[in-house]
Amino acid sequence: MILLEKGEVFNFEGAFRGLRNPLDSWHLADSEVKGAVKAFHMGPKDLNLAQRMIGAGTDESKFMRQIFVSVDITAPFYWWKEFDTYKIGTVANSCSTMHKITSYPITQDFFSIDEDWSELIAFEDEDGVTCTITEAYAGVVEICESLRQKYLESKDKRFWRALISILPNGWMQKRTVTLNYQVLRAMYFARRHHKLQEWHDFCAWIESLPYAKELICYEK
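Residues numbered from 1 in each chain as written. Predicted model: local features only at pLDDT ≥ 70, side-chain atom pairs only at ≥ 80, totals over all residues. Heavy atoms only, no water.

## Considerations on the nonpolar core
Now for step 1: If you look at the biggest cluster of nonpolar residues, it comprises 41 residues, and the most contacted ones within it are Phe16, Phe63, Tyr181, Leu184, Phe202, Leu215 and Ile216.
Now for step 2: Of all the elements in the fold, those that place two or more residues in this core are helix H1 (12-19), helix H2 (44-55), strand S4 (68-76), helix H3 (77-83), strand S8 (172-180), helix H7 (181-191) and helix H8 (197-207).
Now for step 3: Look past the residues within four positions of phenylalanine 16 in its chain and what remains in contact with it is Phe40, Met42, Asp46, Ala50, Phe63, Ile67 and Leu215.
Now for step 4: Ranked by size, the runner-up nonpolar core spans twelve residues in total, among them Phe77, Phe111, Ile113 and Leu167. (Core = buried A, V, L, I, M, F, W, Y, C linked by side-chain atoms within 4.5 Å. Buried < 20%, exposed > 50% of the residue type's maximum accessible area, 1.4 Å probe, protein only. Helix = DSSP H or I, 4+ residues; strand = E, 2+ residues; numbered from the N terminus. Contact = heavy atoms within 4.5 Å.)

Next up, the structure:
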């Protein structure tokens, strides 16, 4: 499960102005900023130059690093571990699990739990009694909430440490992330066929960004 909200893209105009700096070819620029909201409209000449630079590699297409993106992402820990591979050109400000884990009752709403898990057997005991993955996960959530309550009642940090340690990788964390089109291009081609559904959803969001198909997803 992944949620992407409040996405913003900016500095197209500055990035494309800089794209023409190396050859002083500003007079050939044909992109425009139009309307009250100052929307960027890319011209065919600028697009042609941009795609030629993208095809030449990351050094030549550094203008892509100047197209900035900001977005709020809520995703499970197991996805964030893979996202954190991309350290260059990204900044993230996260909600603090350490500081706020005991502030709210812990329920299943805080975790990434697939609906079809209720169909899958997690284990079966010697008497033939079965437990689905959903039921097993509910037990883990119940334990986490019990530890939270015991910590609040006693202020014994051992309960807090146990809670932090046992917290599943499915815990959903929100981060406000800034990155750029070149980083997104690297992510897109590295992760678009990944086995995690979250990466497929993330790549679909990338495809929805302005001029993403012409720039981020462009293939020669």
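## Some remarks on the sheet that holds strand S5 (residues 91-94)
Now for step 1: With respect to topology, four strands assemble into an open sheet ordered S1-S4-S8-S5, the strand pairing being antiparallel. Looking along the sheet, the strands with just one partner apiece sit at the ends: strand S1 (3-10) and S5. Looking at each pair of strands side by side, their axes are set apart by 20° on average, direction ignored.
Now for step 2: Bridge analysis of S4 against S8 gives nine bridges, and the strand direction is antiparallel. Across the sheet, serine 70 pairs through a bridge with threonine 178, a residue of S8.
Now for step 3: Of the strands in this sheet, S1 and S4 touch H8, which is tilted by about 160° from S4. (Pairing = 2+ DSSP bridges. Axes fitted to C-alpha atoms, helices over the stretch in contact; angles between N-to-C directions.)

## A short note on unusual backbone geometry
Now for step 1: In the Ramachandran plot, lysine 6 falls in the positive-phi region, its phi being about 55° despite a non-glycine side chain.
Now for step 2: Tracing the sequence through the fold places lysine 6 in strand S1.
Now for step 3: Overall, the relative accessible area of 65% leaves lysine 6 in the exposed class.
Now for step 4: The backbone of lysine 155 shows a phi angle near 60°, a positive value even though the residue is not glycine.
Now for step 5: Of note, lysine 155 is situated in the loop between helix H5 (133-154) and helix H6 (157-166).

## A closer look at the packing of aromatic side chains
We describe a pair of aromatic rings using the distance from one ring centre to the other and the angle between the two ring planes.
Now for step 1: Within the structure shown, the criterion is met by 20 aromatic pairs.
Now for step 2: Relative to tyrosine 211, the ring of phenylalanine 12 has its centre 5.9 Å away and its plane inclined at 75°; by these criteria the two rings are edge-to-face. Here tyrosine 211 lies in the segment after H8 and phenylalanine 12 lies in helix H1, a separation of 199 residues in the sequence.
Now for step 3: Judged by relative accessible area, phenylalanine 12 falls into the buried class, the value being 8%.
Now for step 4: A relative accessible area of 23% means that tyrosine 211 is categorised as partly exposed.
Now for step 5: Both rings, one in phenylalanine 111 and one in tyrosine 137, keep their centres 5.7 Å apart while their planes meet at 65°; by these two values the pair is edge-to-face. Of this pair, phenylalanine 111 sits in the loop between helix H4 (97-100) and strand S6 (121-124) while tyrosine 137 sits in helix H5; the two residues are 26 residues apart in sequence, bridging distant segments of the chain. The same class applies to phenylalanine 111 as to tyrosine 137, namely buried. (Phe/Tyr/Trp six-rings, centres within 6.5 Å; stacked < 30°, edge-to-face > 60°.)

## Points about a negative patch on the surface
Now for step 1: There is a patch of like negative charges on the surface, built from Asp114, Glu115, Asp116 and Glu119.
Now for step 2: As for its placement among the helices and strands, glutamate 115 is situated in the loop between H4 and S6. (Patch = residues over 30% accessible without salt bridge, like charges linked within 9 Å, V, L, I, M, F, W, Y side chains within 5 Å. Areas by Shrake-Rupley, 256 points an atom, 1.4 Å probe, with all protein chains shown as cover. Salt bridge = Lys/Arg side-chain N within 4 Å of Asp/Glu carboxyl O. Lys, Arg positive; Asp, Glu negative; His and termini not counted. Charge placed at Lys NZ, Arg CZ, Asp CG, Glu CD.)

## Brief notes about the side chain of aspartate 46
Now for step 1: The residue aspartate 46 is located in helix H2 in this model.
Now for step 2: Given a relative accessible area of 2%, aspartate 46 falls into the buried group.
Now for step 3: Not counting chain neighbours up to four residues away, the residues in contact with aspartate 46 comprise Phe16, Leu19, Arg20, Leu28, Ala29, Asp30 and Ser31.

## Structural notes on the pattern of salt bridges
Now for step 1: This structure, assessed with the given rule, holds eight salt bridges.
Now for step 2: Note that arginine 20 and aspartate 46 form a salt bridge whose closest N and O atoms lie 2.9 Å from each other. Here the residue arginine 20 occupies a position in the loop between H1 and strand S2 (32-34), and aspartate 46 occupies one in helix H2, the gap between them amounting to 26 residues.
Now for step 3: The closest approach of N and O atoms between aspartate 84 and arginine 175, which form a salt bridge, is 3.0 Å. Of the two residues, aspartate 84 sits in the loop between H3 and S5 while arginine 175 sits in strand S8, which places them 91 residues apart along the sequence.

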